[in-house]
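A closer look at the structure
As a plain string of letters, each chain reads:
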Amino acid sequence: MRIGVLALQGAFREHLQALVSLGIEGVAVRLPQHLRGIAGLIVPGGESTTIGKLAASYDLLPAIRDLAKAGKPIWGTCAGLVFLAREIVGYECQPRLGLLDIKVRRNAFGSQVNSFETWLSIPVLNKVALPEEHGQPFPCVFIRAPLIEAVGEGVEVLARLDGLGIVAAQQGPFLVTAFHPELTRDRRFHRYFVSLVLDNLRGPLPR
Ligand code: GLN
């Protein structure tokens, strides 16, 4: 099983290393042909306008949409979240995939507090937690992060920042986090994504 990491710009190396640490083969995706044979895709943090423009100019948007149509799991972190969103407040023309029915505000924490770390309880991670991690809060690194302001039906909220907004969500095989699990040593989110990929490969249980 191989998992792709969109490697146009941003923190793709850290995601590739995280996959290696789990014994998973990661593939740096720069061109549509690199998507062949991959079982899932991670879109890293970085600058969503740059990632969008480069993806459009390398003809990657239709190729990634085909992957999504085939039900392959896709996970966007930070700028990747913005790239996967249906609506980006104030940036209607920014190239994006529009895979999750979410409304996103870029750089939602303003220019004063660009970056911070906090610990959030994210119950879904207990599905893949090691015994010593079970129930432990997850270290969330926010760097000029977006917030999810609204979600459509069918979107599951996985984590919120109290009084501010949603910071992790899932719609079927599509996962988004406003923070950067790849910049921490905690591998629960990567394991959770791998579990979605494995579920997808296994297919539905026979009735
Ligand atoms: N502010 C960036 C954007 O909107 C995201 C920042 C990040 O990925 N760390 O594209």
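Here the structure is a predicted model, which means the values were calculated and not measured.

With that settled, consider the overall build of the protein. Each helix and strand counted, the protein has 5 helices and 12 strands in total. Taking the principal axes of its C-alpha atoms as reference, the protein extends roughly 45 × 45 × 35 Å. Sorting the 207 residues of the protein into buried and exposed places 52% on the buried side. Surface accessibility of the protein: about 9700 Å² in total, with carbon and sulfur atoms responsible for 51%.

What follows covers the packing of aromatic side chains. Inspection of the entire model under this criterion finds 9 aromatic pairs. On the numbers, 4.7 Å between centres and 10 degrees between planes, the contact of F116 with F142 is stacked. Here F116 is found in strand β7 (residues 115-120), whereas its partner F142 is found in strand β8 (residues 138-143), with 26 residues between them in sequence. For F142, a relative accessible area of 0% puts it in the buried group. Geometrically, the ring pair formed by F179 and F189 is edge-to-face, given 5.7 Å between the ring centres and 70 degrees between the ring planes. With F179 in the loop between β12 (174-177) and α5 (188-202) and F189 in helix α5, this residue pair connects regions lying 10 residues apart in the sequence. Using a relative accessible area of 0% as the deciding quantity, one classes F179 as buried.

Attention now moves to helix α3 (residues 60-69). Within an α-helix, residues lying three or four positions from one another point in the same direction, as the helix has 3.6 residues per turn. Among all positions in α3, only L60, L61, I64, L67 and A68 are buried. Buried positions in α3, seen along its axis, are confined to an arc of 120 degrees and lie on one side of it. The first or second residue beyond α3 is G71, which carries a positive phi of 80 degrees.

In regular strands, side chains alternate between the two faces of the sheet. As defined by bridge partners, strand β10 (residues 156-161) adjoins strand β11 (residues 165-171) across 5 bridges and the pair is classed as antiparallel. Bridging from a neighbouring strand, V157 pairs with A169 of β11. The loop that links β10 with its antiparallel partner β11 comprises 3 residues; one of these, G163, has a positive phi angle of about 75 degrees.

Right, let's get into the layout of surface pockets. The space that makes up the largest pocket amounts to roughly 170 Å³. In this structure, the largest pocket is lined by 14 residues; those nearest its centre are G46, C78, A79, I143 and R144. In the lining of the largest pocket, the residues fall into 6 nonpolar, 5 polar and 3 charged.

Let us now look at the pattern of salt bridges. Side-chain pairing between opposite charges can occur once the charged atoms of the two side chains come close. Here the structure, examined in full by the defined rule, presents 8 salt bridges. The partner of D186 in a salt bridge is R188, and the shortest N-O contact between them spans 2.8 Å. Since its relative accessible area comes to 13%, D186 is described here as buried. Residue classification places R188 among the buried positions, given a relative accessible area of 2%. R202 serves as the salt-bridge partner of D199, at 3.1 Å between the closest nitrogen and oxygen. Of this pair, D199 and R202 are both found in helix α5, 3 residues apart, which corresponds to roughly one turn of the helix. What emerges from the salt-bridge pattern is a single network uniting E47, R106 and R144.

Attention now goes to the nonpolar core. Of all hydrophobic cores here, the largest spans 70 residues; its most connected members are I74, F83 and I122. Per-element tally for this core: the top contributor is α5, with 6 residues. Other than its neighbours up to four places away in sequence, I122 contacts F138, C140, L158, A159, F179 and F189.

Attention now moves to the side chain of S48. As for its placement among the helices and strands, S48 is situated in helix α2 (residues 48-57). Judged by relative accessible area, S48 falls into the buried class, the value being 3%. Looking at S48, its side chain comes within polar contact range of the side chain of R106, at 3.4 Å. If near-sequence neighbours (up to four positions away) are discounted, S48 is found in contact with A79, V82, Q94 and R106.

The rules behind the values
Residues numbered from 1 in each chain as written. Predicted model: local features only at pLDDT ≥ 70, side-chain atom pairs only at ≥ 80, totals over all residues. Heavy atoms only, no water. Helix = DSSP H or I, 4+ residues; strand = E, 2+ residues; numbered from the N terminus. Buried < 20%, exposed > 50% of the residue type's maximum accessible area, 1.4 Å probe, protein only. Areas by Shrake-Rupley, 256 points an atom, 1.4 Å probe, with all protein chains shown as cover. Phe/Tyr/Trp six-rings, centres within 6.5 Å; stacked < 30°, edge-to-face > 60°. Arc of directions from axis to C-beta. Pairing = 2+ DSSP bridges. 1 Å grid on protein atoms, 1.4 Å probe; cavity = no way out; pocket = protein on both sides within 12 Å on 5 of 7 lines; lining within 4 Å. Points joined across faces, edges and corners; volume = space filled by probe spheres on them. Nonpolar A, V, L, I, M, F, W, Y, C, P; charged D, E, K, R; others polar. Salt bridge = Lys/Arg side-chain N within 4 Å of Asp/Glu carboxyl O. Core = buried A, V, L, I, M, F, W, Y, C linked by side-chain atoms within 4.5 Å. Contact = heavy atoms within 4.5 Å. Polar contact = N/O pair within 3.5 Å; in protein donor to acceptor, adjacent residues only side chain to side chain.

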